[in-house]
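Results of the structural survey
Here are the chains, one letter per residue:
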Amino acid sequence: MSSKVHLGHTARKRFGQNFLTDTNIIDRIVSAISPDNEHVMVEIGPGLGALTEPVAEDVDKLNVVELDKDLVERLQQHPFLKDKLEIYQGDALKFDFEQLAQPNKKMKVFGNLPYNISTPLMFHLFEFSSLIETMHFMLQKEVVLRLSASPGTKAYGRLTVMAQYYCQVVPVLEVPPGCFAPPPKVDSAVVRLLPYENKPYPCDDVEVLRKLTTQAFGMRRKTLRNNLKGTLNDDDFAKLDVDASLRAEQITVEQYVKMANYLIKK
């Protein structure tokens, strides 16, 4: 992996750009992604190509979604990558990933995600989860802790419930700031998200689940009874066998789905 690729591009604060430079870590991430031609390979925010190059070496074609016009131009002129890449210049938050779908091929999606968009981007990707086999993301360590949290812990929140509704969540490795240029002020980690073929607790309308969790976690210090006032009453909680005096972070994914399905029928 040549360091030349990194020359002449200044990381932009507004895009939250921190470029991965540690080759040992890069190798470990690429082997976690395990690129192949049996899947549609998709990278979000290739940046200066730290993951793009080694992944592209293993496959015939790699789709990339990149917002930064300068970086897109650089990728289009890259001697090795230009023939391998299908480049989509635009905002991954608005991107329709369905257009990359191919018959009988699921996607493997990966990226070193800018901190400021990681949560909304994952919510966006969950909508396409039926088309995706695996997702590997480099995130702030704190976000990985939130994704993989257990009920009753501080990190457990709305993102946890929605991520674990759609996917099995597996933390892969931690990445210290020194592996990036410029070094970020936070620790990073790589997470593997495996969308369920059959969800353990299917919800009849995910929009209801999303609204319910947003409401339940609205005021973290308040009880479920207070946060869901006007949505569920004590009779409802009794029927659902949910203790309304608990806080939102003490309620399991299964219980949230149960509440959402109850509201849909009601």
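- If you look the protein chain up in an unreviewed UniProt entry, it shows as Ribosomal RNA small subunit methyltransferase A from Parashewanella curva.
- Under the heading Subcellular location (unreviewed entry), UniProt records this for the protein chain: "Cytoplasm".

1. Concerning the state of the cysteines
- Scanning the entire structure with this criterion turns up zero disulfides.
- Here C167 stays free of any disulfide, with the sulfur of C203 as its closest cysteine sulfur at 15 Å.
- Using a relative accessible area of 1% as the deciding quantity, one classes C167 as buried.
- With relative accessibility at 12%, the residue C203 sits in the buried group.

2. Quick notes on the pattern of salt bridges
- Inspection of the entire model under this criterion finds twelve salt bridges.
- Between E86 and K61 there is a salt bridge, and its shortest N-O distance comes to 3.8 Å. Of the two residues, E86 is situated in strand β4 (residues 85-89) and K61 in the loop between α2 (52-58) and β3 (62-66); the sequence distance between them amounts to 25 residues.
- Notably, a salt bridge pairs E207 with R210, separated by 3.8 Å at the nearest N-O pair. Taken as a pair, E207 and R210 lie in helix α7 (residues 206-216) at a separation of three residues, close to a single helical turn.

Thresholds applied
Residues numbered from 1 in each chain as written. Predicted model: local features only at pLDDT ≥ 70, side-chain atom pairs only at ≥ 80, totals over all residues. Heavy atoms only, no water. UniProt positions renumbered as here; feature names shortened; annotations may be inferred. Disulfide = S-S within 2.5 Å. Buried < 20%, exposed > 50% of the residue type's maximum accessible area, 1.4 Å probe, protein only. Salt bridge = Lys/Arg side-chain N within 4 Å of Asp/Glu carboxyl O. Helix = DSSP H or I, 4+ residues; strand = E, 2+ residues; numbered from the N terminus.

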